[in-house]
Amino acid sequence: MSTLDRERWGHLTDRFATEQPRKMLALDGGGIRGLMTARLLVELESQLAGRVAGGSSDFRLCEYFDYIGGTSTGAIIAAALARGMSASELLEFYQEFGKKAFAKRNLFVRWKSLYGDGELEKKLKEVFGERTQLYPKDLKTLLLVVTRNMTTDSAWPISSNPDAMFNDPNASYCNLKFPLYQIVRASTAAPVFFPPEVVRVDEDGEDYVFVDGGTTPYNNPAFLMYRMATEPAYRLNWPSGENKLLIVSLGTGTAPVLGNDADDPESNLAAAAVNTLSAVMAQAQVDQDMNCRTIGRCSHGDEMDLEVKDLIPRDKNGQRVPVDRDLGRNFLYLRYNTELTREGLDDLGLTSVDPKKVSKLDSTDGMPDLLRIGEQVAKQIRMEDFGSFV
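Conventions used here
Residues numbered from 1 in each chain as written. Predicted model: local features only at pLDDT ≥ 70, side-chain atom pairs only at ≥ 80, totals over all residues. Heavy atoms only, no water. Helix = DSSP H or I, 4+ residues; strand = E, 2+ residues; numbered from the N terminus. Buried < 20%, exposed > 50% of the residue type's maximum accessible area, 1.4 Å probe, protein only. Contact = heavy atoms within 4.5 Å. Areas by Shrake-Rupley, 256 points an atom, 1.4 Å probe, with all protein chains shown as cover. Pairing = 2+ DSSP bridges. Axes fitted to C-alpha atoms, helices over the stretch in contact; angles between N-to-C directions. Parallel < 35°, antiparallel > 145°, perpendicular 65-115°, else oblique. Left-handed = near helix turned anticlockwise from the far one by under 90°. Nonpolar A, V, L, I, M, F, W, Y, C, P; charged D, E, K, R; others polar. 1 Å grid on protein atoms, 1.4 Å probe; cavity = no way out; pocket = protein on both sides within 12 Å on 5 of 7 lines; lining within 4 Å. Points joined across faces, edges and corners; volume = space filled by probe spheres on them. Expected span 1.5 Å × (residues − 1). Phe/Tyr/Trp six-rings, centres within 6.5 Å; stacked < 30°, edge-to-face > 60°. Lys NZ or Arg CZ within 6 Å of the ring centre and 35° of its normal.

A few words on the overall build of the protein chain. Scanning the protein chain from terminus to terminus reveals 14 helices and 9 strands. Within the protein chain, buried positions represent 52% of all 390 residues. Long-range contacts, defined as pairs at least 24 residues apart, comprise 70% of the intrachain contacts of the protein chain with a sequence gap of at least 6. Of the roughly 17,800 Å² that the protein chain leaves accessible, carbon and sulfur atoms contribute 49%.

As structure tokens, then:
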């Protein structure tokens, strides 16, 4: 039994003071493609309800996952879940939200939005409330939102852990005092699409400028969450082990952009410049996934490349090692994602879906197809892959 300050931890005290296996949910960024994540969560919640809550319709993912984290559009979803929203409610909200927040606008209108509140901020205030903060009283479980502080040129993962260094309620810089909608808004401030968010970090008057957390190395926040849960400096001190820590990671689809070939290497320098940030973000996301599969024990995930395959442990005969056989890894890891390429969509049986239509961050026209993709990927969710955690 850990000793927690009940005044700080509030209604979460008994849950987190008790030594037990811990479970984390990590949600990638990806603009409107978060709709795919929302559809996956409906299936995940349904299956978990059947295994851990007797099929109760009142079951929520925040009851199962002890720490929910997200980047950019994943932060919106993570905050909604941590507040106690059901996956079906989330899906309904996200469809309405996506049509407004990601509506296509010409470049002039986008820049004009720098001088006023857009649909994104209005909807976040409506859903989360203007006065909701990061204190335990406002959340059902622990929450992590990944942002990037442009003022200090650094990644800022903001956690609701009451014992974290920058969450001292008596300090003027206490991060728990931030309005939830504003922190989520900061994480989703994708350059060009949305204006930056200015946040008063210190009550004494220090303001910082934040942009999309997807521009950090943590567009996939799974390995970051592992570090923040286990490294003593972050003051959670959760134990590692395949039967002690679970990380479920949901992607928003990968959409690689093919470049020039050797016959014409300089034909499209402008396009190459535009695609550079996207490429860096995509590779950082893959790197985080790779970290989780090598440090943790992967029990589900697509093939990463031709060399390492999916990194799911197999015996000398090529058979998967049963999940209940402990291999001494630091955590159990499940990754659900897919390629939004012609080949990837064909593998899902979605031969009529146009990859270009579903790969863009703001393609609201592709929302029905993103739902179909999420539904197909959701078929991969199997409770036997969760080992001792169900």
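Once the structure has been displayed, the description carries forward.
Judged by how many residues are buried, helix H5 (residues 73–82) sits mostly within the fold: 10 of 10 residues are covered. What H5 keeps buried is the set Thr 73, Gly 74, Ala 75, Ile 76, Ile 77, Ala 78, Ala 79, Ala 80, Leu 81 and Ala 82. In the stretch just after H5, Gly 84 is the one whose phi turns positive, near 110°.

Glancing now at the pairing of strand S2 (residues 67–71). When you tally the buried positions in S2, you get 5 out of 5 residues, the bulk of the element. The side-chain alternation of S2 yields two buried faces, one formed by Tyr 67, Gly 69 and Thr 71 and the other by Ile 68 and Gly 70. Bridge count for S2 against strand S3 (residues 142–149) is 5 bridges, and the pairing is parallel. Note that in S3 the partner of Gly 70 across the bridge is Val 145.

Although it is not a glycine, Arg 235 adopts a positive phi angle of roughly 70°. Mapping Arg 235 onto the fold places it in the loop between helix H10 (222–230) and strand S7 (245–250). Located in the positive-phi region is Lys 309, a residue other than glycine, with phi close to 60°. Relative to the elements of secondary structure, Lys 309 occurs in the loop between strand S8 (297–300) and strand S9 (332–336).

Turning to the packing of H5 against helix H8 (residues 119–128), a few remarks are in order. At a minimum axis separation of 11 Å, H5 and H8 run at an interaxial angle of 15°. Classed by the angle they form, the pair H5 and H8 counts as roughly parallel. Seen along the crossing, H5 lies across H8 with a hand that is left-handed. In this structure, H5 contributes Ile 76, Ala 79 and Ala 80 to the contact, and H8 contributes Leu 120, Leu 124 and Phe 128. Residues belonging to the contact of H5 with H8 are distributed by class as follows: 6 nonpolar, no polar and no charged.

Okay, the layout of surface pockets next. In this structure, the second largest pocket spans a volume of roughly 460 Å³. Lining the second largest pocket are 23 residues, with Pro 157, Phe 166, Asn 175, Met 228 and Tyr 234 positioned closest to its centre. Looking at the lining of the second largest pocket, the elements with two or more residues in it are strand S4 (154–159), strand S5 (197–202), strand S6 (206–211) and H10. With 5 residues, the single largest contributor to the lining of the second largest pocket is S4.

This part takes up helix H6 (residues 87–101). Residues separated by three or four positions in an α-helix point in the same direction, a consequence of the helix having 3.6 residues per turn. Taking 1.5 Å as the rise per residue, H6 with 15 residues should run 21 Å; its terminal C-alpha atoms sit 20 Å apart, in good agreement. Residues of H6 that are buried include every one of Ala 87, Leu 90, Leu 91, Phe 93, Tyr 94, Phe 97, Gly 98 and Ala 101, and no others. Contact partners of the buried residues in H6: helix H3 (34–52), H5, H8 and helix H14 (367–378).

Before going further, it helps to examine the packing of aromatic side chains. For the structure shown, the criterion picks out 12 aromatic pairs. A centroid spacing of 5.6 Å and a plane angle of 35° characterise the contact between Phe 223 and Tyr 226, whose relative ring orientation is tilted. Residue Phe 223 and its partner Tyr 226 are both found in helix H10; the two are separated by 3 residues, about one turn of the helix. With a relative accessible area of 13%, Phe 223 lands in the buried category. Assessed through its relative accessible area of 9%, Tyr 226 is described here as buried. Directly above the aromatic system of Tyr 64 lies the positively charged group of Lys 23, at a separation of 4.9 Å from the ring centroid.

That's the geometry; what it means functionally is another story.
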